[in-house]
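Read off the chains here:
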Amino acid sequence: QVQLVESGGGLVQSGGSLRLSCAASGSIFSIVVMGWYRQAPGKQRELVASITGGGSTNYADSVKGRFTISRDNAKNTLYLQMNSLKLEDTAVYYCNLIYKRAWTAPVTDYWGQGTQVTVSS
């Protein structure tokens, strides 16, 4: 069983900063990739940023230069530092984990429950 515990969401003014955390625990043999997605009301869920097991990162164009994804491998914790927040960043942010629970196990996809980020003017 895997658990993802997200924290750090909240209400912030435009131009402000927040840091999201996602702590992964349970039967994780190896991490393929971890990422942050978001879903605004009436919109589809979209990728915000991801980081592979090897440390390669990928960002949505809309957040490049403002958001930074990182991971503490020892703690299996994923972070998203969000700076210069804009109104359009308001959404529920979800942590995603793609992992293997054993060497011979298949790759598995797991989602956190989400944390609300609201940016006000």
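Look up a bit, the structure's there.
Draft legend 1. Summary view of the overall build of the chain. The secondary structure content of the chain amounts to 0 helices and 11 strands. Scaling as 2.2 N^0.38, a compact globule of 121 residues should have a C-alpha radius of gyration of about 14 Å, and the chain matches this with 14 Å. Taken along its principal axes, the extent of the C-alpha atoms in the chain is 50 × 25 × 25 Å. The contacts in the chain between residues at least 6 apart in sequence include a share of 56% that link residues at least 24 apart. Just so you have it, the chain exposes about 6,500 Å², and 48% of that area is on carbon and sulfur atoms. For the chain, the separation between the mean place of its 11 positive charges and that of its 7 negative charges on side chains is 4 Å.

Draft legend 2. Region of interest: the environment of Q116. Here Q116 is to be found in strand β11 (residues 115–120). For Q116, a relative accessible area of 39% puts it in the partly exposed group. The sequence separation of Q116 and G10 amounts to 106 residues, and the corresponding C-alpha distance is 6.1 Å. Each residue touching Q116, except ones within four places of it in the same chain, is listed here: G9, G10, T90, A91 and V92. In terms of polar contacts, Q116 uses its side chain to reach the backbone carbonyl oxygen of A91, at 3.4 Å. A polar contact is formed between the side chain of Q116 and the side chain of T118, at a distance of 3.3 Å.

Draft legend 3. Just the state of the cysteines, in detail. Applying the stated criterion to the full structure yields 1 disulfide. At a sulfur-sulfur separation of 2.1 Å, the disulfide partner of C22 is C95. Here the S-S torsion is close to -80°, and the disulfide linking C22 with C95 is therefore left-handed. In this pair, C22 sits in strand β3 (residues 18–26) while C95 sits in strand β9 (residues 91–100), placing the two residues 73 residues apart along the sequence. On the basis of relative accessibility, which here comes to 0%, the residue C95 falls in the buried class.

Criteria and cut-off values
- Residues numbered from 1 in each chain as written.
- Predicted model: local features only at pLDDT ≥ 70, side-chain atom pairs only at ≥ 80, totals over all residues.
- Heavy atoms only, no water.
- Helix = DSSP H or I, 4+ residues; strand = E, 2+ residues; numbered from the N terminus.
- Rg over C-alpha atoms; globule rule 2.2 N^0.38 Å.
- Contact = heavy atoms within 4.5 Å.
- Areas by Shrake-Rupley, 256 points an atom, 1.4 Å probe, with all protein chains shown as cover.
- Lys, Arg positive; Asp, Glu negative; His and termini not counted.
- Charge placed at Lys NZ, Arg CZ, Asp CG, Glu CD.
- Buried < 20%, exposed > 50% of the residue type's maximum accessible area, 1.4 Å probe, protein only.
- Polar contact = N/O pair within 3.5 Å; in protein donor to acceptor, adjacent residues only side chain to side chain.
- Disulfide = S-S within 2.5 Å.

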